[in-house]
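Structure at a glance
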Amino acid sequence: MNYDKNQILFIIFLILFLSGCEYDLHKENFRDIQQPDETHQFDLNLSSEQDTIKVFNTTVFNYNINTYGLTMLEGDFSLGGNHWSIFSKQGSFTVSPDDYSAGYDTLSLVIFTGSGSGSLADLAGVEGYMVEKRWLMLIDGRSAPQITLSSSITEEGYLKISWPQCDQYNFHSYEISGPAFTKTVNDPACIFYVDSSYIGGSASYRVNTRVLTNNQLSLGKILTMNDPFPTLQFTDLGLDSLKIFWNRSKYKCRYKLERIDTNPDSTLLESSVDTFCIMLQPGLAMRAQYRLYTYPFYLNSSNTGYIKNDVQYHVLGQRIAGNWPYYGYNHLDRALYTNTYDYMECYDISSMTKLNSVTLHNLIYQGNYSCPTNSTKVATISSENIYVFTDKNLQSPVIIPHNLGFNDIDHFYLTDNDLIAILTPVRYMLIRTGDNKRMATINIDDYPVYSKWACMSTSKDGRYACIVTYNGLKLYNIEDTVVTNVYSDARSYRSVLFDINDPSRLMLTLNDDNILEIRNAADFELVKSIGLPTAQVLRNIDPESGYLLLKDRGNAYIVDLNTSEVVLKVRMHENEYMPQLYGNRLFTVYGYTLDISQYLPQ
Amino acid sequence: MKRSLVGISIFLVCLELPGQNFRLNMNCGYGLYQLNDLKDFQFDLKEYYSQLPIEMTEQFPGYSNYSVSGEIYLNPDNIIGINGTFYTTGARNHVKDYSGEYKLDMPLNGYRIGLQYRNILYKFNKINLYAQFKGGITLSTFKLKESFIIYNVYSTSSNATFKSIPFFVEPSLGFFYHIINNFSLDFFLGYQIDIEGKLHRAGNKEDDLHNSAGDHIHVNWSGLRVSLGISYDLFSKNFAFQK
């Protein structure tokens, strides 16, 4: 084939022509916009705008972000590893303190905004501003601790209740409660409370702790104080003085001692220092009642509940029997006889320990006792029978029925020759125990009224009986069954008593004169006259010591018949009308006994 | 590459047709392209980044096209032949500022291959009026070249190529004007009608291209065609102007 040049060139041109004419996309949309500023203004507001945000409860935080026109791309609140992504300028998130350890932490907010330039980078979210703000946060969601209290005493002497400090940030208050107060303290550093009112005794304290988290309250452990408060004690300082004292309170307080069995009550002492008081002994068998007030040093209407009082009885003497007992004493057996109800009891005079007891029906209605000086016998009388026991063993008594019933027995005496003398209104009887024969009966026309139990006496050999009144005296001689009035007069007498050491001697006290007369029973001649401090009533002669016991209203007197001296004066209950002296012991109708041997001349 | 293959094919055809009453035509024309689906698709892509101030700077405008054809005279009034035409246009979504640039170029090329028939309607002096009819296929290539750059921050780009083969017919009227020797000036005015072809991913005919509504996207080159070219009668005198 032959091709000319023009043909070849045409074809090549054609190919090149077709190959180089693809449509060219060249138009552009260029936007000439201004680049953003380096900085921009923002406002980041959180609902709680304090220097330190405290989170003690589950808290909802509201935030409000002002970007001043810029688009907020995203943001992130972070706190202690927790994150809250935000995509709007307003919203809220919740922080629970339970999710964090207690303490300070930082809440951070990082937000990204567009630049606002409208550029592609802005629109693509890669050009903009990053804003960061931090808030210091104090987080504590712990429960309130349970507080354990301890106690001490301040230098001033007040009770100090202490506790460990609650160092939790969510602390709200201590609620302190005591015997008469409740206080709320909001200062966590307040770790003690001085209760100046506590002076001893039982008192409970508790400190509860309240935290702000859920307003939760933990009850503290109760501290119970039970320090002894002052109580009364007594020491007899002889027969005349009584020391009343008490244990000093560990706490500063005041004391007030009163005697309260009198009307009105009498204050014996008021002091914040003294803890004892020495006072006049009220007397044997005088059951006095005392009250010790211990109260706060600063007493006011709000702390009266702290006042403690201790009421105690004190009586001089040892109580051995009740129900106004009578007594008998056999010095050969050194046995003291008395009764409680229907139980006849026998005590050793030295130790006052009970030796024996026997039940005698209706003994309580009479209960008189008498012992001879020459044997170990003892006689007693109930409302039905007379019982004569041979000794302190109280076995196999001789029983002598009588029909005196519940009549007063104003004189009951067992002579050394086994005769029993009984004075009952208005008759005096002398009964022989061997055969129950009534040896004598004397009708008493002028029956004694005052101290009638001391107005009749029988000599220990049974030969004489004498009765005195304010109107006079009658002295009888009893020979076998013959009664002879051997002497009478019209003087005013208080009492009469035959001497157990010499049955022929008769002791008399006058109503109008402080004189003790000792006369001879046979002829009524005055043997001796002893001046007494007061007009007194004869009671008995102690077969052990020979001392004579007399009594006036309020005192007992012990007279040495040999020296005619009052050797001891014992203050007694004013109503103690018939004390007795046996074995150097005083016995009272109130059931008390007191060993006075140490006060008697040796 | 494809354009080179078309050119080489034409070249080989030309070399293999010696001795025939053969006419070779080279035309340069201008066409308007309907391409409605693609324009909508371009808008969809713009709206996809509605937050960006993207503008459609170019929207598949009408553009020059180039064609060659080889014809054989059946007789002085009837000419048949084959033709190949290269269409090219494109679209761009674009925005650019100091911080970066977004660009989505969508070049669209079509290689139209078909048969043609001309009937000489009227002859006087140096002018032959004719009616012409073309039909065939258009190998269309649609590319998406997207890039997004934020300066000093990041850049990303992606490319995708889609193909379509729509059928076409193109009736037209035109004339030859005999210039000198074997050269004639050729001008015609016609209208291309496409039977739309779906775009699918190159290499995967099952992976069709859809718009935001889920509809297939077709390439529709339909539109007015105006063309002016030169014809050259190979191997013989200008047969069309022979009396």
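Whatever comes next refers back to the structure up there.
This report concerns the structure included in the present document.

About the cut-offs
Residues numbered from 1 in each chain as written. Chains lettered and ligands numbered in written order. Predicted model: local features only at pLDDT ≥ 70, side-chain atom pairs only at ≥ 80, totals over all residues. Heavy atoms only, no water. Helix = DSSP H or I, 4+ residues; strand = E, 2+ residues; numbered from the N terminus. Buried < 20%, exposed > 50% of the residue type's maximum accessible area, 1.4 Å probe, protein only. Contact = heavy atoms within 4.5 Å. Areas by Shrake-Rupley, 256 points an atom, 1.4 Å probe, with all protein chains shown as cover. Salt bridge = Lys/Arg side-chain N within 4 Å of Asp/Glu carboxyl O. Polar contact = N/O pair within 3.5 Å; in protein donor to acceptor, adjacent residues only side chain to side chain. Phe/Tyr/Trp six-rings, centres within 6.5 Å; stacked < 30°, edge-to-face > 60°. Lys NZ or Arg CZ within 6 Å of the ring centre and 35° of its normal. Core = buried A, V, L, I, M, F, W, Y, C linked by side-chain atoms within 4.5 Å. Pairing = 2+ DSSP bridges. Axes fitted to C-alpha atoms, helices over the stretch in contact; angles between N-to-C directions.

**Quick look at the overall build of chain B**
Helix and strand content of chain B: 2 helices and 14 strands. Looking at the 243 residues of chain B, the share that counts as buried comes to 50%. Sequence separation of 24 or more characterises 72% of the internal contacts of chain B that already satisfy a separation of 6 or more. Of the roughly 11000 Å² of accessible surface on chain B, 60% is carried by carbon and sulfur atoms.

**Side note on the overall build of chain A**
Secondary structure assignment for chain A yields 2 helices and 51 strands. Within chain A, the fraction of its 602 residues that count as buried is 51%. Sequence-distant contacts in chain A: of pairs separated by 6 or more residues, those separated by 24 or more amount to 53%. Carbon and sulfur atoms provide 45% of the accessible area of chain A, an area that totals close to 27500 Å².

**Some remarks on unusual backbone geometry**
All names here are of chain A. Of note, the amide linkage connecting Asn263 to Pro264 takes the cis form, showing an omega dihedral of 0 degrees. In this structure, the amide linkage connecting Pro425 to the following residue, Val426, adopts the cis form with an omega of -5 degrees. Looking at where Val426 falls in the secondary structure, it is placed in the loop between strand E34 (419-424) and strand E35 (427-432). Phi angles above zero are rare outside glycine, and Met352 is one such case at about 55 degrees. Tracing the backbone through its elements, the reader meets Met352 in the loop between strand E27 (343-348) and strand E28 (354-359). Unusually for a residue other than glycine, Asn584 sits at a positive phi of about 60 degrees. One can find Asn584 in the loop between strand E49 (580-582) and strand E50 (585-587).

**Remarks on the pattern of salt bridges**
In total, this model carries 31 salt bridges over all chains according to the counting rule given. Several salt bridges share partner residues, and in doing so they unite A:Lys256, A:Glu258, A:Asp265 and A:Arg291 into one network.

**Observations concerning the side chain of A:Asn511**
Locating A:Asn511 in the fold gives a position in the loop between strand E42 (505-510) and strand E43 (515-520). Reaching out from A:Asn511, the side chain makes a polar contact with the side chain of A:Arg494 at a distance of 3.4 Å.

**A short note on the packing of aromatic side chains**
The relative placement of two aromatic rings is captured by the distance of their centres and the angle of their planes. Overall, the coordinates contain 40 aromatic pairs over all chains when judged by the stated rule. An angle of 50 degrees between the planes, with centres 5.2 Å apart, marks the rings of A:Tyr63 and A:Phe77 as tilted. Pair noted here: A:Tyr63 is in strand E3 (residues 59-66) and A:Phe77 is in strand E4 (residues 72-79), with a separation of 14 residues, a long-range link. Arranged with centres 5.9 Å apart and planes meeting at 75 degrees, the rings of B:Tyr102 and B:Phe148 form a pair that is edge-to-face. Here B:Phe148 lies in strand E6 (residues 127-150) and B:Tyr102 lies in strand E5 (residues 100-124), a separation of 46 residues in the sequence. When its relative accessible area of 13% is taken as the criterion, B:Phe148 is described as buried. Sitting over the ring of A:Tyr313, A:Arg287 keeps its end group 3.7 Å from the ring centre.

**Let's talk about the nonpolar core**
Generally speaking, a soluble globular protein has its nonpolar side chains buried in company with each other. Membership of the largest hydrophobic core comes to 29 residues, with the highest contact counts inside it found for A:Tyr428, A:Leu430, A:Met507, A:Leu516, A:Leu548 and A:Leu561. Mapped by element, the contributors of at least two residues to this core are E34, E35, strand E36 (438-443), strand E38 (464-469), strand E39 (472-479), E43, strand E45 (537-541) and strand E46 (548-552) of chain A. Ignoring anything within four residues of it in the chain, the contact list for A:Leu516 reads A:Met507, A:Leu508, A:Thr509, A:Lys528, A:Ser529, A:Ile530, A:Leu532, A:Leu538, A:Leu548 and A:Leu561. Core analysis: the second largest hydrophobic core is formed by 28 residues, B:Val95, B:Met106, B:Leu209 and B:Val219 among them.

**A word on the environment of A:Arg427**
All names here are of chain A. Take Arg427: it is sitting in strand E35. By relative accessible area, Arg427 is classed as partly exposed at 35%. Once the C-alpha coordinates of Arg427 and Ile442 are considered, the two residues, 15 residues apart in sequence, prove to be 5.6 Å apart.

**A few points about the sheet that holds strand E5 (residues 82-86) of chain A**
Sheets are built from strands paired through backbone hydrogen bonds, the pairs being either parallel or antiparallel. Residues and elements named next belong to chain A. The 5 strands lie next to each other as E2-E8-E7-E4-E5, forming an open sheet whose pairing is mixed. Of all the strands in the sheet, just strand E2 (52-55) and E5 have a single pairing partner and so form its edges. Within this sheet the neighbouring strands show an average axis-to-axis angle of 25 degrees, counted without direction.

**A closer look at the sheet that holds E27(A)**
Residues and elements named next belong to chain A. Ordered in space as E25-E26-E27-E28, the 4 strands form an open sheet in which the pairing is antiparallel. Two strands in the sheet have a free side with no partner beyond their single neighbour: strand E25 (328-330) and E28. Averaged over neighbouring strand pairs, the angle between their axes works out to 25 degrees when direction is ignored. Here strand E26 (residues 335-340) pairs with E27 via 6 bridges, running antiparallel. Bridge pairing links Ala335 to Asp348 in E27.

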